[in-house]
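Structure assessment
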Amino acid sequence: MAGPLIFPESWVWGAATAAYQIEGAVRDGGRGISIWDVFSHSPGKVANGDTGDIACDHFHRYPEDIALMQELGLGGYRFSIAWPRIFPTGAGRPNAEGLDFYRRLVDRLHAAGITPYVTLYHWDLPQPLQDRGGWTNRDTARRFGELAHTVAAALGDGVHHWVTINEPWVAGFLGHLLGVHAPGTRDLATALTATHNLLLAHGEGMSALRSEMRDGDAAGIALNLAPCVPAGDSNADLEAAYRVDGFSNRWFLDALYRGQYPDDMLQIYGDAMPEIRAGDMERIAQPTDLLAVNYYTRSVVEYDPRDPFLQAKRIVPRGAPVTAMGWEVYPEGLYDILKRVHDDYAPPHLLITENGAAYDDALIEGKVDDPLRERFLHEHLIQAHRAVSDGVPLEGYFVWSLLDNFEWAWGYGMRFGLIYIDYATQERIIKRSGHWYAAVTREHGVSG
Ligand code: IFM
């Protein structure tokens, strides 16, 4: 075995969560209703009929959770703001109780020596905005600007790292094309409009944040990125992989870093494309300080003439290891995507804001033994270190997730946490992988 791989001194060891997935307390503190409250309460939308009503009850238990973060030795904690806690009706005066909750959270993190990384939108749009069209209404982007401004003004003393929108691909396409996320529509033109408005919202959010940020503060967007590779060596597979890359990666990266959507995808989308108004692309492509990368797996793509949209199908290579989500474990893909983003788009700084795996964890005699997750994280950290060594300006790593939580359409059946949640009692148990991660943060590195 090679010697230890030590990370740069300023490297941040973190873990991430999102509001709807952990907070619960959906009726407390003046919170309004979000599209995920409505979606999860609609029969058949979420496995097992699970909802985020209680989740990990983090809204009440955050002091305990911060103490656990200290046990893990975290230097950073990424969490999101529940928009309906701040603007219960989507507009009007902000809800002071909602802002106070996040102020208390930020203060307590600082007291524990943990740096907050705040995501402004992780998919819980206020339902009243959905009633006015949600992300298909350009006005929602403007409203998001108000949210960004309000939150930055309230928390800016204690927050110096901001993420505008989490994974616009997921919110746009899973929510509006595939219909498996809120609000659950299934239409390409609707999805493209929503996705464009999510990117516009990122632009509005950046401008709003800039007006409140201080020197040295950093803001950017979080993208879920995956290298797309052909399943075989035929041209048909190669071209299909390029289309999937256009759909999931280039659509966002080109817009954000080149100020234009890729031509090949514009051709494919044709009449389904929304109107792009003068100034939109400049707004979307305004400079950012960091790119937040969420990485889970790669896309291995096969030509599929039966797919009406991209004539492509994602497959898992035979015999490849997979997580409980059925996602291939492919650590090299983390290096590949970071290197490519750096070479092709050159964001000034990069962070891995999500990386992790769901496995079928079991609590046995008070312990959770999850060697597969430990191995998953270890192998990905080796690739992160490789990227740093090859000059990628990568500055930190956040495990998804701190806690087991509400995994959207999969409900509580999928466990991603370093910390196990016994949902019947709300007891928290640090898993074997969590203890391992504590050693990593202490030693500031992993074995090579
Ligand atoms: O749980 C999600 C998270 O909310 C966004 N990124 C992917 C994770 C795992 O599916």
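Residues numbered from 1 in each chain as written. Predicted model: local features only at pLDDT ≥ 70, side-chain atom pairs only at ≥ 80, totals over all residues. Heavy atoms only, no water.

1. Points about the sheet that holds strand β5 (residues 161-166)
Strands belonging to one sheet form pairs held by backbone hydrogen bonds; the direction of such a pair is parallel or antiparallel. Read around the closed barrel, 8 strands run β2-β3-β4-β5-β6-β8-β11-β14, paired in parallel fashion. On average, each strand axis in the sheet is tilted by 25 degrees relative to the strand beside it, whichever way the strands run. The pairing of strand β8 (residues 290-294) with strand β11 (residues 350-354) spans 4 bridges and is classified as parallel. Following the sheet pairing, V293 is matched in β11 by I352. Across the sheet, helix α13 (residues 332-345) is in contact with β8, β11 and β14 (394-400); its angle to β11 comes to roughly 140 degrees. (Pairing = 2+ DSSP bridges. Helix = DSSP H or I, 4+ residues; strand = E, 2+ residues; numbered from the N terminus. Axes fitted to C-alpha atoms, helices over the stretch in contact; angles between N-to-C directions. Contact = heavy atoms within 4.5 Å.)

2. Side note on the site of the ligand
Neighbouring the ligand are the residues Q21, H122, W123, N166, E167, Y296, W327, E354, W400, E407, W408 and F416. W400 places a polar side-chain atom, nitrogen or oxygen, 3.3 Å from an oxygen atom of the ligand. Separating an oxygen atom of the ligand from a side-chain N or O atom of E407 is a distance of 2.6 Å. With the chains in place, 95% of the 280 Å² that the ligand exposes on its own is no longer accessible. Of the residues in the shell around the ligand, the class split is 6 nonpolar, 3 polar and 3 charged. (Near = heavy atom within 4 Å. Polar contact = N/O pair within 3.5 Å; in protein donor to acceptor, adjacent residues only side chain to side chain. Areas by Shrake-Rupley, 256 points an atom, 1.4 Å probe, with all protein chains shown as cover. Nonpolar A, V, L, I, M, F, W, Y, C, P; charged D, E, K, R; others polar.)

3. Describing the pattern of salt bridges
Within this structure, the stated rule accounts for 32 salt bridges. The shortest N-O distance in the salt bridge between K339 and D343 comes to 3.1 Å. In this pair, K339 and D343 are both assigned in helix α13, 4 residues apart and thus about one turn of the helix distant. Close ionic contact of K431 with D404 constitutes a salt bridge, the shortest N to O distance being 2.7 Å. Note that K431 is positioned in the loop between β16 (427-430) and α15 (432-443) and D404 in the loop between β14 and β15 (419-422), a separation of 27 residues in sequence. Under the relative-accessibility criterion, K431 is labelled buried at 0%. When its relative accessible area of 0% is taken as the criterion, D404 is described as buried. One salt-bridge network, in which partners are shared between bridges, spans D361, D370, R373, D404, R415 and K431. (Salt bridge = Lys/Arg side-chain N within 4 Å of Asp/Glu carboxyl O. Buried < 20%, exposed > 50% of the residue type's maximum accessible area, 1.4 Å probe, protein only.)

4. A look at the packing of aromatic side chains
Under the counting rule described, the total for this entry stands at 35 aromatic pairs. Ring geometry for W327 and F416: centres 6.3 Å apart, planes at 50 degrees, overall tilted. Residue W327 is located in the loop between β10 (312-315) and α13, and its partner F416 is located in the loop between β14 and β15; the two are separated by 89 residues in the primary sequence. For F416, a relative accessible area of 2% translates into the label buried. Through pairs of rings, three or more aromatic residues link up here, namely Y20, W36, F39, W123, F406, W408, Y412 and Y423. Seen from the ring of F101, R85 lies directly overhead, with NZ or CZ sitting 5.9 Å from the centre. One residue, R386, lies across the ring of Y335, its end atom 3.5 Å from the ring centre. (Phe/Tyr/Trp six-rings, centres within 6.5 Å; stacked < 30°, edge-to-face > 60°. Lys NZ or Arg CZ within 6 Å of the ring centre and 35° of its normal.)

5. A short note on helix α9 (residues 188-210)
Over its 23 residues, α9 runs 33 Å from end to end, which matches the ideal 33 Å to within 8%, given 1.5 Å per residue. Of all 23 residues in α9, 17 are buried, a share of seventy percent or more. (Expected span 1.5 Å × (residues − 1).)

6. So, the packing of helix α10 (residues 235-258) against α13
Packing of α10 against α13 brings their axes to within 11 Å, and their N-to-C directions diverge by 40 degrees. What the angle tells us is that α10 and α13 run oblique. Handedness of the crossing formed by α10 with α13: right-handed. From α10, D245, N249, R250, L253, D254, Y257 and R258 reach across to α13, where they touch I337, R340, V341, D344 and Y345. A per-class count over the contact of α10 with α13 returns 5 nonpolar, 1 polar and 6 charged. (Parallel < 35°, antiparallel > 145°, perpendicular 65-115°, else oblique. Left-handed = near helix turned anticlockwise from the far one by under 90°.)

7. Focus: the pairing of strand β6 (residues 218-224)
When you tally the buried positions in β6, you get 7 out of 7 residues, the bulk of the element. When β5 meets β6, the two strands line up parallel, connected through 4 bridges. Across the sheet, V163 pairs through a bridge with G220, a residue of β6. Note that β6 and β8 share 5 bridges and pair parallel. Counterpart to N224 in the pairing with β8 is N294.

8. A word on the environment of L125
Residue placement: L125 occurs in the loop between β4 (115-121) and α6 (127-131). For L125, a relative accessible area of 0% corresponds to the buried category. With 42 residues separating them in the primary sequence, L125 and W83 have C-alpha atoms 6.3 Å apart. Sequence-distant contacts of L125, that is, excluding residues within four places in its chain, are made with I33, S34, I35, W83, Q130, G134, W135 and T140.

9. Topic: the side chain of Q426
Tracing the backbone shows Q426 in the loop between β15 and β16. Sequence-distant contacts of Q426, defined by excluding residues within four places in its chain, comprise I54, A55, C56, D57, R61 and I421.

10. Some thoughts on the sheet that holds strand β7 (residues 228-230)
In space, the 3 strands of this open sheet follow the order β7-β9-β10, with mixed pairing throughout. Every interior strand has two partners, whereas the edge strands, β7 and β10, have only one. Averaged over all pairs of adjacent strands, the angle between their axes in this sheet comes to 40 degrees, without regard to strand direction. The sheet contact formed by strand β9 (residues 299-303) and β10 spans 4 bridges and is antiparallel. Counterpart to V301 in the pairing with β10 is R314. Relative to the sheet, α10 contacts β7, β9 and β10, its axis offset from that of β9 by approximately 130 degrees.

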